[in-house]
Amino acid sequence: VTAALRIVIVGGGSAGWMCAAACAQVLHAERYAITLIESDEIGTVGVGEATLPALKDFNDLLKLDESDFMRQTQGTFKLGIEFRNWDKPGDRYIHPFGSFGQLWGGVEFQHHWMRARALGLDPAPLEEYCCAIRACRRNAFDFPDTKSIRSTFYGYAYHFDAGLYADFLRRWAIARGVRRIEGQVMGVGLNAESGNIEKLTLKSGEQIAGDFFVDCSGFRSLLLGETLKVEWEDWSQWLPCDRAWAVPSERAVDFTPFTRSTAMPGGWIWRIPLQHRTGNGHVFSSRFIGEEQARETLLGALDSAALAEPRLLRFRAGRRAQAWKRNCVGIGLAAGFLEPLESTSLFLIQKAVQDMLRLLPAPETGNHVDARLADEFNRLSDALYERIRDFLILHYVANRRQGEPLWDHVRSYPLPESLRHKLNLFESRGHVPYYKDGFFSRDSWLAVLFGQGVSPKAYDRLADFVPREQLSEKMSDLHERVATHVADMPLHSELVARYCSSSPQLQAAAVP
Amino acid sequence: MSAAAVKDLIIVGRDAPVWLAASVMQFALAPAGVKVVVIELPSEVAPPDVYATLPALEPLHSRLGIDEGRLVGATQATFSLGKNFIDIAAGGPSFFHPYGSTGARIDNKEFLPNWVKACRFGLPVAFEDFCLTAVAAKQGRMLVPDPDIESYGFTDYAYHLPAIPYAAWLKVLALRRGVAVHEARVINPVLHAEEGAIAAIELDGGRRVAGDFFLDVTGAQSQLLGSALGVSRESSHEEFVADRMLVAFGAPIDPVPIYSEIRACADGWVGLYPSQACTHVVYTYSSELTSDDAALRAATSAARIPLNGAVVRKRQPGRCTFAWERNCVAIGEAAATFDPIHAVELQALQIGLVHLLPLFPVRSEYAVERAEYNQNVRSAFERIRDFQAAHYLLNRYGTGPFWAGARQVPPGDKLRHKIDAFRARGDVVFYEDETFMIDDWQALLIGHGVMPESYDPAIDRTSPDLIKNEFRRILGFIRDKVQEQCTHSFYLQSVCAPAGRNG
């Protein structure tokens with residue numbers, strides 16, 4: 001019988017416990033032994049309270065009960081992100097987890113809509129053909145139809161307390177055989193010939209040997225960065241924000257089924273509604289605003305009373321040049337950081353965990369490193385990071401906030417060629433890029449491009465096949481269906497209270 | 001509303017490609033006020049020529065309103081469920097490349113890793129025996145998807161379309177839909193003095209057809225994009241050594257097979273593509289290794305039937321640097337000549353058209369559309385090339401110079417990584433713009449003996465008994481389902497009208 005491959009995970013935040021839980025669920029316990037080392041002395045960043053719809057797939061992989069998971073993490077539903085003041089002060093738009101309209105005759109809806117406008121049919125604003133957005137406007141939420149789509153397609157994600165989520169997964173993973181070791185890693189032992197990591201030495205003097213290591217140590221990147229010297233690729237020329245103040249406040253009256261992101265002179269403020277409180281934070285660039293002023297800005301913008309002193313986080317945008325080197329994979333902040341503007345933090349973790357699981361060395365090969373598998377992991381990781389990066393940059397570059405140094409700066413810097421091309425294509429004819437690997441979808445690009453005021457000069461003439469009168473009818477019919485669909489949805493607050501309320505008291509922390 | 005940026009679209013070319021292009025453009029763009037005019041050049045196809053298509057043609061036909069039964073009846077076409085690759089050069093193993101998926105998910109996980117694992121424990125059943133499409137094909141059965149089959153997996157079909165009647169059919173269709181035509185023996189593209197774009201095409205007899213936008217469907221000569229606009233052509237002769245194609249026909253095979261057969265022989269390969277009227281035979285070889293006379297002998301010997309009407313064609317595999325330059329897009333062979341191995345000619349044509357439609361000029365300025373098109377089409381063509389290159393690179397067809405040489409051609413980085421990752425884990429690396437799907441790659445790589453060295457660790461959670469039971473269930477399902485299907489011959493007689501009208 002082959003000995004089990006020893007996987008050692010360093011760090012116990014969201015990344016570490018998501019990784020451990022998925023390993024425990026997917027791998028055979030006799031073939032893979034999972035150990036996680038975490039220290040109570042090292043805090044976790046706990047970013048990523050807002051998520052993307054893919055997280056539901058991750059929870060489904062673990063076969064979590066949704067209402068129980070939400071109860072235990074103070075979870076709420078999320079249909080998208082509202083961006084305020086990003087194009088210019090006073091503007092707002094929603095990037096929904098759903099489509100605008102429908103594909104008619106294989107032609108995307110925005111072309112039909114632009115044509116209707118060109119024909120003088122006076123269609124409603126584009127966002128009114130999106131049921132996810134209209135639900136946001138009403139603070140309503142309902143589960144998507146599983147059988148037939150009533151109006152337009154949508155999915156949903158969650159807001160939750162990332163610390164509670166890690167706690168939840170910790171209990172879950174330990175109950176399924178993950179060995180947790182409390183301790184601080186003080187030394188890393190490498191094999192003299194291969195350069196592979198062989199063992200970790202803890203503060204207690206205990207030594208933990210392993211075959212495969214997952215670095216979830218956060219920004220420190222203890223194994224991948226410090227030990228294996230994988231270079232940091234800096235992206236701050238495009239994404240200049242490098243600090244965030246975070247502060248919880250009381251649950252606000254406005255219980256939104258969406259995250260809010262409000263552009264400010266020196267950065268932007270997030271607002272995430274949870275069941276028991278609201279998460280707030282101010283992401284800013286220290287080049288353009290001082291820390292103290294940024295703190296004041298955040299406190300002044302709260303719509304409910306602060307529950308704690310603001311906490312300062314320091315970061316930089318970028319990633320490690322290789323996420324998998326030798327017998328070590330970096331997951332989460334140890335591999336890279338992109339500001340939480342589009343709630344991608346947990347998604348990046350989830351995707352890395354799933355790819356790693358598929359490409360893990362077989363126990364038969366022991367700690368022998370198969371570069372072919374690492375290459376594939378890194379290829380997938382690169383594509384994902386670069387595409388998310390482009391999408392984030394789009395929010396900054398397409399602004400009309402004149403006279404504010406940060407915003408003037410981001411408007412003027414040279415774009416990655418890939419993004420420049422996408423912008424040109426959309427301006428030329430409303431064409432939205434499509435790609436298979438990585439995020440984001442066409443609807444996401446569409447929402448942000450239109451939302452940030454990028455205006456196409458023409459529509460795709462393939463839309464001309466719909467006769468004028470029929471177009472008018474189809475548009476108003478769809479508009480009506482979206483309206484009645486959304487009108488039937490319960491309020492977000494009602495549905496959460498009914499489905500997954502954590503009050504009157506937190507459920508005892510029973511292992512699910 | 002503004003007028004269309006392009007009012008007169010001129011399509012220059014011949015045979016099925018020009019009429020397929022014209023039908024697609026007319027269908028999609030006539031509502032926008034685009035007038036489609038074809039300049040038809042003399043045919044270059046001969047009776048033995050056949051299009052062995054890929055499955056994507058069926059949905060395109062369907063979109064154009066083509067009645068499949070009538071088309072198949074009128075052109076004496078047949079259906080195809082895949083390609084059978086046989087080794088008569090070295091007597092090595094054969095394999096089937098089916099137009100459908102293999103196996104079914106087990107315990108909600110992929111089939112392939114389960115099969116790889118079972119093989120380690122001595123499972124004696126070939127990968128393709130778990131493919132409904134492949135088994136049906138070998139038993140001569142037509143496979144019409146029903147809800148049972150759809151829940152089991154994916155299955156599709158293609159055609160063997162005799163080139164002359166197919167072109168005639170498409171021409172009638174295009175003309176009926178309102179495409180205008182000028183027949184010409186000689187053409188001379190005329191450029192705008194300043195812009196350098198094409199202004200008009202002069203035809204023999206002093207005729208002149210002016211237009212705003214041009215499609216070059218003139219085949220490998222690329223008379224518009226290449227000759228008139230000077231876009232260079234990159235040769236891929238280094239990668240694909242075959243530069244000759246001998247086409248001929250023999251007697252029909254009875255009962256008529258529902259697949260193509262590709263037989264690797266000492267200095268090339270023979271493809272047998274059955275139609276209802278005859279068996280179309282293509283012999284592909286290198287002029288450096290084989291004379292044309294020797295080719296006919298080799299083809300006859302490999303086909304094992306007497307051949308008639310043999311024609312030898314020169315082929316220069318390669319592609320133009322840009323498929324879209326100024327106001328002209330090269331479509332089909334004018335854009336790229338592929339190796340004949342997987343019969344991708346119409347597929348490449350279709351890729352060119354399908355990418356063009358959503359980028360077709362809507363304003364007088366379209367440089368960004370052109371850049372997008374050139375990038376996407378190039379990428380799609382490169383992925384097709386990879387699939388073909390893998391077939392040559394991985395061959396085990398003996399030590400003759402044709403096949404041994406093919407094994408020496410270094411693969412591009414993407415293909416190398418794809419083969420490496422498959423060999424390491426059985427994972428098909430799936431890039432952007434792939435034409436061949438994961439199932440196709442699995443069939444190709446396993447068919448050529450690339451056995452994954454490890455498998456997705458997730459399947460170790462599934463109990464061996466469950467896997468065994470699922471294997472039995474799948475094989476039983478395939479056996480029963482195939483028995484329920486009618487034979488290809490019966491399907492052709494009963495569903496496809498023997499002599500159809502166009503429509």
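Here the structure is a predicted model, which means the values were calculated and not measured.

1. Things to note about the interface of chain A and chain B
Then, in step 1: Each side of the interface is counted separately: chain A has 40 residues, and chain B has 39 residues.
Then, in step 2: Approximately 3,400 Å² of surface area, both sides summed, lies buried where chain A meets chain B, with 54% of it carried by carbon and sulfur atoms.
Then, in step 3: It is Arg-372, Arg-429 and Arg-461 of chain A that lose the most area in chain A upon contact with chain B, and together they represent 22% of the buried surface on that side.
Then, in step 4: Here chain A and chain B share five salt bridges between them.
Then, in step 5: Note that Arg-358 of chain A is salt-bridged to Asp-427 of chain B, the shortest N-O span being 3.0 Å.
Then, in step 6: At the junction of chain A and chain B, the tally comes to 18 residue pairs in polar contact (both at pLDDT 80 or more).
Then, in step 7: Elements supplying a minimum of two residues to the side of chain A that touches chain B: helix 1 (14–26), helix 9 (345–359), helix 10 (371–397) and helix 12 (417–429) of chain A.
Then, in step 8: For the side of chain A that touches chain B, the leading source of residues is helix 10 of chain A, giving six residues.
Then, in step 9: Of the residues that constitute the side of chain A that touches chain B, the class distribution is 18 nonpolar, seven polar and 15 charged.

2. Thoughts on the side chain of Gln-350 of chain B
Residue and element names in this part refer to chain B.
Then, in step 1: Mapping Gln-350 onto the fold places it in helix 10 (residues 345–356).
Then, in step 2: Take Gln-350: its relative accessible area is 10%, and that puts it in the buried class.
Then, in step 3: If we skip the residues at most four places from it in the chain, Gln-350 touches Ala-56, Leu-57 and Leu-60.

3. A closer look at the sheet that holds strand 12 (residues 232–234) of chain A
All names here are of chain A.
Then, in step 1: An order of 12-18-21 is seen for the three strands of this open sheet, with the pairing classed as antiparallel. The open sheet has two edge strands with one neighbour each: strand 12 and strand 21 (336–337).
Then, in step 2: With two bridges connecting them, strand 18 (residues 318–320) and strand 21 associate as antiparallel partners. Looking at the pairing, Gly-318 lines up with Phe-337 of strand 21.

4. What to know about the packing of helix 1 (residues 15–29) of chain B against helix 10 of chain B
All names here are of chain B.
Then, in step 1: Taken N-terminus to C-terminus, the directions of helix 1 and helix 10 make an angle of 25°; their axes are 11 Å apart at the nearest point. Here helix 10 runs roughly parallel to helix 1, going by the angle between their axes. Along this stretch, helix 1 crosses helix 10, giving a crossing that reads as right-handed. Where helix 1 abuts helix 10, its residues Pro-17, Leu-20, Ala-21, Val-24 and Met-25 lie against Leu-346, Leu-349, Leu-353 and Leu-356.

5. What about the pattern of salt bridges?
Then, in step 1: Enumeration over the complete set of coordinates arrives at 77 salt bridges over all chains.
Then, in step 2: Between Arg-180 of chain A and Asp-40 of chain A there is a salt bridge whose closest N-O contact spans 3.3 Å. Taken together, the residues span a long stretch of sequence, with Arg-180 of chain A in strand 7 (residues 179–182) and Asp-40 of chain A in the loop between strand 2 (32–38) and helix 2 (54–61) at a distance of 140 residues.
Then, in step 3: With relative accessibility at 31%, the residue Arg-180 of chain A sits in the partly exposed group.
Then, in step 4: Linking Asp-465 of chain B and Lys-468 of chain B is a salt bridge whose minimum nitrogen-to-oxygen distance equals 3.9 Å. Taken as a pair, Asp-465 of chain B and Lys-468 of chain B lie in helix 15 (residues 464–484) at a separation of three residues, close to a single helical turn.
Then, in step 5: Salt bridges here are not isolated pairs; linked through shared partners, they connect Glu-82, Arg-84, Arg-92, Glu-127, Arg-137, Asp-254 and Arg-260 of chain A.

6. Details of the environment of His-395 of chain A
All names here are of chain A.
Then, in step 1: Mapped onto the elements of the fold, His-395 is located in helix 10.
Then, in step 2: The class for His-395 is buried, based on a relative accessible area of 0%.
Then, in step 3: With 308 residues separating them along the chain, His-395 and Asp-87 place their C-alpha atoms 8.3 Å apart.
Then, in step 4: With residues up to four places along the chain from it excluded, the contact list for His-395 reads Phe-83, Trp-86, Tyr-93, Leu-341, Glu-342, Val-448 and Gln-452.
Then, in step 5: Within the structure, His-395 has its side chain in polar contact with the side chain of Glu-342 (distance 2.7 Å).

7. Focus on the nonpolar core
Then, in step 1: Formed by 307 residues in total, the largest nonpolar core has its most connected members in Ile-331 of chain A together with Ile-11, Met-25 and Leu-215 of chain B.
Then, in step 2: No other element matches helix 10 of chain A, which puts twelve residues into this core.
Then, in step 3: Beyond its immediate chain neighbours, meaning those up to four positions away, Ile-331 of chain A contacts Ala-15, Cys-19, Val-214, Asp-215, Cys-216, Ile-349, Ala-352, Val-353 and Met-356 of chain A.
Then, in step 4: Residues Ile-37, Ile-208, Phe-213 and Leu-223 of chain A belong to the second largest nonpolar core, which totals 16 residues.

8. A look at the confidence of the model for chain A
Then, in step 1: Here chain A averages 94 in pLDDT, and 97% of its residues register 70 or above.
Then, in step 2: Segment residues 505–512 of chain A is flagged for pLDDT under 50; beyond a separation of four residues in sequence, or across chains, it makes 13 contacts in the model.

9. Observations regarding the packing of helix 4 (residues 111–120) of chain B against helix 15 of chain B
Residues and elements named next belong to chain B.
Then, in step 1: Between helix 4 and helix 15, whose axes approach to 11 Å, the crossing angle comes to 110°. By the angle between their axes, helix 4 is roughly perpendicular relative to helix 15. Taken as a pair, helix 4 and helix 15 cross one another with a handedness that is left-handed. Two secondary-structure elements touch here, helix 4 through Phe-111, Asn-114, Trp-115 and Ala-118 and helix 15 through Ile-467, Phe-471 and Ile-474.
Then, in step 2: Of the residues belonging to the contact of helix 4 with helix 15, the class tally is six nonpolar, one polar and no charged.

10. Here we look at the side chain of Arg-385 of chain B
All names here are of chain B.
Then, in step 1: Relative to the helices and strands, Arg-385 resides in helix 11 (residues 367–393).
Then, in step 2: In this structure Arg-385 comes out as buried when scored by relative accessible area, which is 15%.
Then, in step 3: Look past the residues within four positions of Arg-385 in its chain and what remains in contact with it is Glu-239, Phe-240, Arg-319 and Phe-338.

11. So, unusual backbone geometry
All names here are of chain B.
Then, in step 1: In the segment running from Asp-254 into Pro-255, the intervening peptide bond is cis, with an omega of -5°.
Then, in step 2: If you trace the backbone, Pro-255 turns up in the loop between strand 14 (244–250) and strand 15 (260–265).
Then, in step 3: Residue Arg-304 is not a glycine yet carries a positive backbone phi of 60°.
Then, in step 4: By the secondary structure assignment, Arg-304 is in the loop between helix 9 (292–303) and strand 18 (308–314).
Then, in step 5: Judged by relative accessible area, Arg-304 falls into the exposed class, the value being 55%.

12. Remarks on the pairing of strand 2 of chain A
Residues and elements named next belong to chain A.
Then, in step 1: The buried fraction of strand 2 is high, at six of seven residues.
Then, in step 2: As judged from the six bridges shared by strand 1 (residues 5–10) and strand 2, these two strands associate in the parallel manner. Each residue of the ladder has a partner; that of Arg-6, found in strand 2, is Ala-33.
Then, in step 3: Handedness of the strand 1-helix 1-strand 2 crossover: right-handed.
Then, in step 4: Pairing of strand 2 with strand 7 involves four bridges; the strand directions are parallel. Looking across to strand 7, one finds that Ile-37 is bridged to Ile-181.

13. Comments concerning the pairing of strand 8 (residues 185–190) of chain A
Residue and element names in this part refer to chain A.
Then, in step 1: By the bridge criterion, five bridges tie strand 8 to strand 9 (residues 197–202) in an arrangement that is antiparallel. By the bridge assignment for strand 9, Val-185 is matched with Leu-202.
Then, in step 2: Two successive antiparallel strands, strand 8 and strand 9, enclose a turn made up of six residues, where Gly-195 displays a positive phi of approximately 75°.

14. A word on the environment of Arg-396 of chain B
All names here are of chain B.
Then, in step 1: Looking at where Arg-396 falls in the secondary structure, it is placed in the loop between helix 11 and helix 12 (401–408).
Then, in step 2: We classify Arg-396 as partly exposed; its relative accessible area is 41%.
Then, in step 3: When neighbours within four sequence positions are excluded, Arg-396 is seen to be in contact with Asp-87, Ala-90, Pro-93, Arg-407, Gly-447, His-448 and Gly-449.
Then, in step 4: Among the polar contacts listed, one links the side chain of Arg-396 to the backbone oxygen of His-448, at a separation of 3.4 Å.

15. With respect to the packing of aromatic side chains
When we look at a pair of aromatic rings, we describe it by the centre distance and by the angle of the planes.
Then, in step 1: Applying the stated rule across the entire model yields 60 aromatic pairs over all chains.
Then, in step 2: Ring centres of Trp-86 of chain A and Trp-268 of chain A lie 6.4 Å apart, and the angle between their planes is 50°; on these two criteria the pair is classed as tilted. Placement of the pair is Trp-86 of chain A in the loop between strand 4 (80–84) and strand 5 (92–96) and Trp-268 of chain A in strand 15 (residues 267–273), with a sequence separation of 182 residues.
Then, in step 3: Consider the rings of Phe-79 of chain B and Tyr-491 of chain B, whose centres lie 5.4 Å apart with planes at 75°: the pair is edge-to-face. Separated by 412 residues along the polypeptide, Phe-79 of chain B in strand 4 (residues 78–80) and Tyr-491 of chain B in helix 16 (residues 488–495) bring together distant segments of the chain. Tyr-491 of chain B carries the same exposure label as Phe-79 of chain B, and that label is buried.
Then, in step 4: In this structure an aromatic cluster arises from ring pairing among Phe-69, Phe-77, Phe-141, Phe-143, Tyr-156, Tyr-158, Phe-160, Tyr-165, Phe-168 and Tyr-499 of chain A.
Then, in step 5: Of note, Arg-251 of chain A hangs over the ring of Phe-255 of chain A, and the distance from its end group to the ring centre comes to 3.6 Å.
Then, in step 6: Lying across the ring of Trp-235 of chain A, Arg-389 of chain A places its NZ or CZ 4.8 Å from the centre.

About the criteria used
Residues numbered from 1 in each chain as written. Chains lettered and ligands numbered in written order. Predicted model: local features only at pLDDT ≥ 70, side-chain atom pairs only at ≥ 80, totals over all residues. Heavy atoms only, no water. Contact = heavy atoms within 4.5 Å. Buried area = accessible area lost by both parts, 1.4 Å probe. Salt bridge = Lys/Arg side-chain N within 4 Å of Asp/Glu carboxyl O. Polar contact = N/O pair within 3.5 Å; in protein donor to acceptor, adjacent residues only side chain to side chain. Helix = DSSP H or I, 4+ residues; strand = E, 2+ residues; numbered from the N terminus. Nonpolar A, V, L, I, M, F, W, Y, C, P; charged D, E, K, R; others polar. Buried < 20%, exposed > 50% of the residue type's maximum accessible area, 1.4 Å probe, protein only. Pairing = 2+ DSSP bridges. Axes fitted to C-alpha atoms, helices over the stretch in contact; angles between N-to-C directions. Parallel < 35°, antiparallel > 145°, perpendicular 65-115°, else oblique. Left-handed = near helix turned anticlockwise from the far one by under 90°. Core = buried A, V, L, I, M, F, W, Y, C linked by side-chain atoms within 4.5 Å. pLDDT = per-residue confidence, 0-100. Right-handed = clockwise from strand over helix to strand, strands pointing away. Phe/Tyr/Trp six-rings, centres within 6.5 Å; stacked < 30°, edge-to-face > 60°. Lys NZ or Arg CZ within 6 Å of the ring centre and 35° of its normal.

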